[in-house]
Amino acid sequence: SHAAVGFDRLYYIGNTGTLFYQTKVADRYTAGDEIEKNNSALMIKRFPVLRDAVAAGRQAGIPVFGWYRMNNEFGSKSSYHPALCSQLLFDRPDLQCVFRNGRRDASKLSYAFGEVRRYRLEIMKEMAAFGVDGLMLGFRRHPPMMRYEKPLVDAYRAKHAVDPRQLDKRKQPDESRRWFQFRAAVMTEFVRELKRELDAMGKGDLPIAVRVRAQGFEQNMEEGVDLRTWVEEGLVDEIHAFAGYTL
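Predicted, not measured: the structure shown is a model, and the values here were computed from it.

## Overview of the pattern of salt bridges
Evaluated as defined, the whole model comprises 26 salt bridges. For the salt bridge of Arg 196 with Glu 193, the shortest nitrogen-to-oxygen distance reads 2.6 Å. Note that Arg 196 and Glu 193 are positioned in helix 6 (residues 173-200) at a spacing of three residues, about one turn of the helix. The partly exposed category is assigned to Arg 196, whose relative accessible area is 42%. One network of salt bridges, with partners in common, ties together Arg 118, Glu 122, Lys 125, Glu 189, Arg 192, Glu 193, Arg 196, Glu 197 and Glu 233.

Pasting the structure below:
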């Protein structure tokens, strides 16, 4: 039916916290205590939904991309829907993003930590193994990818003798940009590692698209996404830029 009305690509959203398919490397969405009343959770429990979506796409001649929101954990146990959060968010508060005042951001895990990067890499590799025709990395919702976590702050202070927590972007634009670029290098290395691991799986030609804000290169850099470098290095095949609040 999608092909009949002109769709030429479909995106299967895997979510971020709990996943909307039968995963073996992360947490499956169950709707918590409401699983028997939640159609989505029941479908994910009973059927191989991602595998079937890929098969249906092949039959219809429509490529299916696996879409993963890169940092959308939906809050904490006290949030409106804790069943959408990964267990890693609850078990490891030390891996959460940290505001410049030292307070933890309970809605985000930080890519500054190797454990978070590895966890997310395994999810994307799993989606690739299901046979999707490409990956969509979603940076549009709930940025940034990291804030002022100790490993980043310590490394920056050691290299530049500047505490990034004290920077004022309006008064120190050049130093602030250097900090944002330094921070974004973590995410660039993450995408490089994804490319290497896909290649090791025999999927080195799998297209990678990224979904970002339409506010320009500098705003995306502040949020941990160095689009210029990614394009220059050939790390991504497509950039989808969106303004406003979208999925």
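Anyway, onward from the coordinates.
## Points about the side chain of Thr 18
Its location among the elements puts Thr 18 in the loop between strand 1 (10-15) and helix 1 (39-46). On the basis of relative accessible area, Thr 18 is assigned to the buried category, the value being 5%. Engagement of the side chain of Thr 18 in a polar contact is seen with the backbone oxygen of Ala 83, the distance being 2.8 Å. Leave out the neighbours within four places in its chain, and Thr 18 touches Asp 27, Arg 28, Tyr 29, Ala 83, Leu 84, Cys 85 and Ser 86.

## Some thoughts on the nonpolar core
Counting residues in each nonpolar core, the largest one holds 64 residues, and the members touching the most others are Met 70, Leu 135, Leu 137, Phe 139, Met 187 and Trp 230. Ranked by residues supplied to this core, first place goes to helix 6 with nine residues. Leu 137 has contacts with Tyr 68, Met 70, Met 124, Leu 194, Ile 208, Ala 209, Val 210 and Arg 211, leaving out every residue within four places of it along the chain.

Definitions and limits used
Residues numbered from 1 in each chain as written. Predicted model: local features only at pLDDT ≥ 70, side-chain atom pairs only at ≥ 80, totals over all residues. Heavy atoms only, no water. Salt bridge = Lys/Arg side-chain N within 4 Å of Asp/Glu carboxyl O. Helix = DSSP H or I, 4+ residues; strand = E, 2+ residues; numbered from the N terminus. Buried < 20%, exposed > 50% of the residue type's maximum accessible area, 1.4 Å probe, protein only. Polar contact = N/O pair within 3.5 Å; in protein donor to acceptor, adjacent residues only side chain to side chain. Contact = heavy atoms within 4.5 Å. Core = buried A, V, L, I, M, F, W, Y, C linked by side-chain atoms within 4.5 Å.

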